[in-house]
Amino acid sequence: AVLRSCSQKLEINMYRKVFKRFFDIVFSVLAIVVLSPLLVPVIIILLLTGEHYVFYGQERVGYKNRPFKIWKFATMLKASPSLGTGSLTIRNDPRVFPFGRFLRRTKINEIPQLFNILLGDMSVVGPRPQMEVDFLKFSPEVQEVIYDALPGMTGIGSIIFRDEEKWISAHQGDRHEFYRDHIAPYKGELELWYLRNISLRTDFLLVFITGWVILFPESDIVRKIFRNLPARPENLE
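Residues numbered from 1 in each chain as written. Predicted model: local features only at pLDDT ≥ 70, side-chain atom pairs only at ≥ 80, totals over all residues. Heavy atoms only, no water.

## Let's talk about the nonpolar core
Then step 1. With 54 residues, the main nonpolar core has Phe-73 and Ile-156 as its most contacted residues.
Then step 2. If you tally residues by element for this core, the top one is helix H8 (residues 175-196), at nine residues.
Then step 3. The residues contacting Phe-73, other than those within four sequence positions of it, are Leu-39, Val-42, Ile-43, Leu-46, Val-54, Phe-55, Leu-103, Ile-108, Asn-109, Ile-111 and Pro-112. (Core = buried A, V, L, I, M, F, W, Y, C linked by side-chain atoms within 4.5 Å. Buried < 20%, exposed > 50% of the residue type's maximum accessible area, 1.4 Å probe, protein only. Helix = DSSP H or I, 4+ residues; strand = E, 2+ residues; numbered from the N terminus. Contact = heavy atoms within 4.5 Å.)

Below, the structure written as structure tokens:
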């Protein structure tokens, strides 16, 4: 049993330190090549609509809590961080362009992060990188370890909170307070679950589930596959 445990730990460490990065490079290159025909029409539409800019770079908290710039297709007003609900987005947020709503709903706006992955700032799967203002809503214990792995383009937190705007929009009080007191604690639990369960199998399944829930948004397949996830708090049901 001891030898088996040591072997499993060695396998996990090898995956985290070597094979996970190899997988990230291969996946991001293939995805960029396959999706390149989609990028051209998106770029043209963005140039002709909204505020006529294509990419949006934003500082996020990354690996070992070091800041980095994440890239997305532009979907909101440039001044959005200082307008309305700031770092939080609500349903039918007036700061989001009409075409931006489509990009966000289909997650196409996240495609430029493939270049973040290629550069080594991010991984395909990992804890979702937060703006500092939202990162500080996690407990100190979570802040200390959440980015011991590279932040991910997708991950368990991204999947469970794929419709985060629903909970934020439904709350009538201080939404940042609601995020800090209810969403951040559960999201932190989920990301810590991922850190304890990193493996090729976990990452492969999370990539598959991400595609599945984009096609079938109401599906709860993630809980059918991962039955040991932290229980969802009643106020987020």
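## Some remarks on the pairing of strand S2 (residues 67-73)
Then step 1. As paired elements, strand S1 (residues 55-61) and S2 share seven bridges and run antiparallel to each other. From the neighbouring strand, Tyr-56 faces S2, where its bridge partner is Lys-72.
Then step 2. In this structure, the hairpin formed by S1 and S2 is closed by a connection of five residues, where Lys-64 is found at a positive phi of approximately 55°. (Pairing = 2+ DSSP bridges.)

## Concerning unusual backbone geometry
Then step 1. Unusually for a residue other than glycine, Lys-64 sits at a positive phi of about 55°.
Then step 2. Topologically, Lys-64 is positioned in the loop between S1 and S2.
Then step 3. The backbone phi angle of Asn-65 is positive, close to 65°, even though this residue is not glycine.
Then step 4. Mapped onto the elements of the fold, Asn-65 is located in the loop between S1 and S2.

## Considerations on the environment of Trp-71
Then step 1. Along the chain, Trp-71 falls in strand S2.
Then step 2. Look at Trp-71 and you get partly exposed, because its relative accessible area is 36%.
Then step 3. Aside from chain neighbours lying at most four places away, what touches Trp-71 is Phe-55, Tyr-56, Gly-57, Pro-112, Gln-113 and Asn-116.

## Digging into the side chain of Lys-187
Then step 1. Here Lys-187 shows up in helix H8.
Then step 2. A distance of 3.0 Å separates the side chain of Lys-187 from the side chain of Tyr-179, its partner in a polar contact.
Then step 3. Among all residues touching Lys-187, those that are not within four sequence positions of it are Gln-130, Phe-138, Phe-161, Glu-164 and Tyr-179. (Polar contact = N/O pair within 3.5 Å; in protein donor to acceptor, adjacent residues only side chain to side chain.)

## Quick look at H8
Then step 1. With 22 residues, H8 ought to run about 32 Å at 1.5 Å a step, and its terminal C-alpha atoms sit 30 Å apart, in line with that.
Then step 2. The sharpest bend along H8 measures roughly 40° and falls at Ile-183, with the proline Pro-185 sitting one to four residues further on.
Then step 3. Turning to H8, its buried residues are Phe-178, Tyr-179, Ile-183, Ala-184, Tyr-186, Lys-187, Gly-188, Leu-190, Glu-191, Trp-193, Tyr-194 and Leu-195. (Expected span 1.5 Å × (residues − 1). Bend = angle between axes of the 7 residues up to and from the residue.)

## Here's the deal with helix H9 (residues 200-215)
Then step 1. End to end, H9 covers 23 Å across 16 residues, agreeing with the expected 22 Å (1.5 Å per residue, within 8%).
Then step 2. Three or more residues of H9 are buried, namely Thr-202, Asp-203, Leu-205, Leu-206, Ile-209, Thr-210 and Val-213. Along the long axis of H9, the arc covered by the buried residues comes to 160°, so they all point the same way. Projecting away from the buried face of H9 at angles above 90 degrees are the exposed residues Leu-200, Arg-201, Phe-204 and Leu-215. (Arc of directions from axis to C-beta.)

## What to know about a nonpolar patch on the surface
Then step 1. A surface patch of nonpolar side chains, amounting to about 500 Å² of accessible area, comprises Ile-25, Val-29, Val-33, Val-34, Phe-115 and Leu-118.
Then step 2. Elements with a contribution of two residues or more to the nonpolar patch: helix H1 (2-48) and helix H3 (113-119).
Then step 3. With four residues, H1 is the single largest residue contributor to the nonpolar patch.
Then step 4. With relative accessibility at 55%, the residue Val-33 sits in the exposed group. (Patch = residues over 30% accessible without salt bridge, like charges linked within 9 Å, V, L, I, M, F, W, Y side chains within 5 Å. Areas by Shrake-Rupley, 256 points an atom, 1.4 Å probe, with all protein chains shown as cover. Salt bridge = Lys/Arg side-chain N within 4 Å of Asp/Glu carboxyl O.)

As far as function goes, none of this settles anything; it's purely spatial.
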